[in-house]
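# Coordinates in review
Below are the chains, spelled out letter by letter.
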Amino acid sequence: MDMNYIFPLLPVLYIVMEYLMVGREAMMRTIEVAGHFKKTRIRTLIELIINVVSSLVLMLYFSHKLGAVGGLYGVLAGTIISLLYRTIDINIYANKNILHRSAFKTFGVMLINAALFVLIALGFRSVSLSIGNYAQFIGHGCWVTVAVVGLFLLIQSIVNKKECAYLLSYVKAKLHK
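Below: a short report on this structure. What you see is a predicted model, and the numbers here were worked out from it, not measured in a lab.

### A look at the overall build of the chain
Looking only at helices and strands, the chain has six helices and zero strands in total. Secondary structure of the chain in N-to-C order comes out as α-α-α-α-α-α. C-alpha atoms of the chain, sized along the principal axes, occupy 70 × 55 × 25 Å. A burial count over the chain gives 24% of its 177 residues as buried. Summed over all atoms, the accessible surface of the chain reaches about 12400 Å², with 73% contributed by carbon and sulfur. Positive and negative charge centroids in the chain, built from 17 and 7 side chains respectively, lie 11 Å apart.

In structure tokens, the structure reads:
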């Protein structure tokens, strides 16, 4: 019997990793621009240690339970643990030490985006798209993209009214020049 090459948990783990990397990107740039990188170097080392240790432990554990694919799951889970640590750390550090505000708003936006993503993903599981050629693939991709981006923008503009008003006034000022 041939091995099953379909691993349904892998896309989920990769999505979580990407979400955590994107969730820390703005605050990483804030730290760099403010010249605080050297002050946060030790935290990068902590992230590295967490990644190596947790990946190794989880790889051994899951490979023992599930075989080779378990090892991959373990490494990805270890990476997620270290990314989670560093995402939380970066957001707290930048908000507190550079922006002098609570990290609550940043984490709130991240949670809203995660919840919205999960709801959209679950919603699209019930949608059956008939794709028979590249044109249909591109057509469906376009309307799905417009719908998803529109939904994210709508929800974020409701949640972040002040920022949305500022952005709209900025764009209007640039367009009227």
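Following the structure, the description resumes.
### Details of the side chain of threonine 79
The residue threonine 79 is located in helix H3 (residues 68–98) in this model. Its relative accessible area of 16% is what places threonine 79 among the buried residues. In this view, threonine 79 contacts Met17, Asn51 and Ser55; residues no more than four positions away in its chain are not counted.

### Quick notes on the nonpolar core
Leu10, Leu13, Met17, Leu20, Val69, Tyr73, Leu76, Ile80 and Leu83 together form the largest nonpolar core, which totals nine residues. Counting residues per element, the ones that place at least two in this core are helix H1 (9–33) and H3. For this core, the element with the highest residue contribution is H3, accounting for five residues. In this structure, Met27, Ile31, Ile90 and Ile98 belong to the second largest nonpolar core, which totals six residues.

### Some thoughts on the packing of aromatic side chains
This model, assessed by the stated rule, comprises two aromatic pairs. When the centroid spacing of 5.1 Å and the interplanar angle of 75° are considered together, the rings of tyrosine 61 and phenylalanine 62 count as edge-to-face. Ring centres of phenylalanine 124 and tryptophan 143 lie 6.1 Å apart, and the angle between their planes is 40°; on these two criteria the pair is classed as tilted. Residue phenylalanine 124 is found in helix H4 (residues 104–125), and its partner tryptophan 143 is found in helix H5 (residues 134–159); the two are separated by 19 residues along the sequence. Residue phenylalanine 124 is classed as partly exposed on the basis of its relative accessible area of 27%.

### Focus on a nonpolar patch on the surface
A cluster of nonpolar side chains, namely Ile42, Leu45, Ile46, Leu48, Ile49, Val52, Val53 and Val57, defines an oily patch on the protein surface of about 700 Å² accessible area. When you line up the elements, isoleucine 42 lands in helix H2 (residues 41–66). Since its relative accessible area comes to 51%, isoleucine 42 is described here as exposed.

### Points about the packing of H2 against H3
Running from N to C, H2 and H3 cross one another at 155°; their axes reach a closest spacing of 6 Å. The pairing of H2 with H3 is recorded here as roughly antiparallel in orientation. The element H2 and its partner H3 pack so that their crossing is right-handed. Of the residues that constitute the contact of H2 with H3, the class distribution is 15 nonpolar, eleven polar and four charged.

### Regarding the side chain of threonine 87
Secondary-structure assignment places threonine 87 in helix H3. Judged by relative accessible area, which is 1%, threonine 87 ranks as buried. Within the local environment of threonine 87, its side chain forms a polar contact with the backbone oxygen of leucine 20, the two atoms lying 3.1 Å apart.

Scoring rules and cut-offs
Residues numbered from 1 in each chain as written. Predicted model: local features only at pLDDT ≥ 70, side-chain atom pairs only at ≥ 80, totals over all residues. Heavy atoms only, no water. Helix = DSSP H or I, 4+ residues; strand = E, 2+ residues; numbered from the N terminus. Buried < 20%, exposed > 50% of the residue type's maximum accessible area, 1.4 Å probe, protein only. Areas by Shrake-Rupley, 256 points an atom, 1.4 Å probe, with all protein chains shown as cover. Lys, Arg positive; Asp, Glu negative; His and termini not counted. Charge placed at Lys NZ, Arg CZ, Asp CG, Glu CD. Contact = heavy atoms within 4.5 Å. Core = buried A, V, L, I, M, F, W, Y, C linked by side-chain atoms within 4.5 Å. Phe/Tyr/Trp six-rings, centres within 6.5 Å; stacked < 30°, edge-to-face > 60°. Patch = residues over 30% accessible without salt bridge, like charges linked within 9 Å, V, L, I, M, F, W, Y side chains within 5 Å. Salt bridge = Lys/Arg side-chain N within 4 Å of Asp/Glu carboxyl O. Axes fitted to C-alpha atoms, helices over the stretch in contact; angles between N-to-C directions. Parallel < 35°, antiparallel > 145°, perpendicular 65-115°, else oblique. Left-handed = near helix turned anticlockwise from the far one by under 90°. Nonpolar A, V, L, I, M, F, W, Y, C, P; charged D, E, K, R; others polar. Polar contact = N/O pair within 3.5 Å; in protein donor to acceptor, adjacent residues only side chain to side chain.

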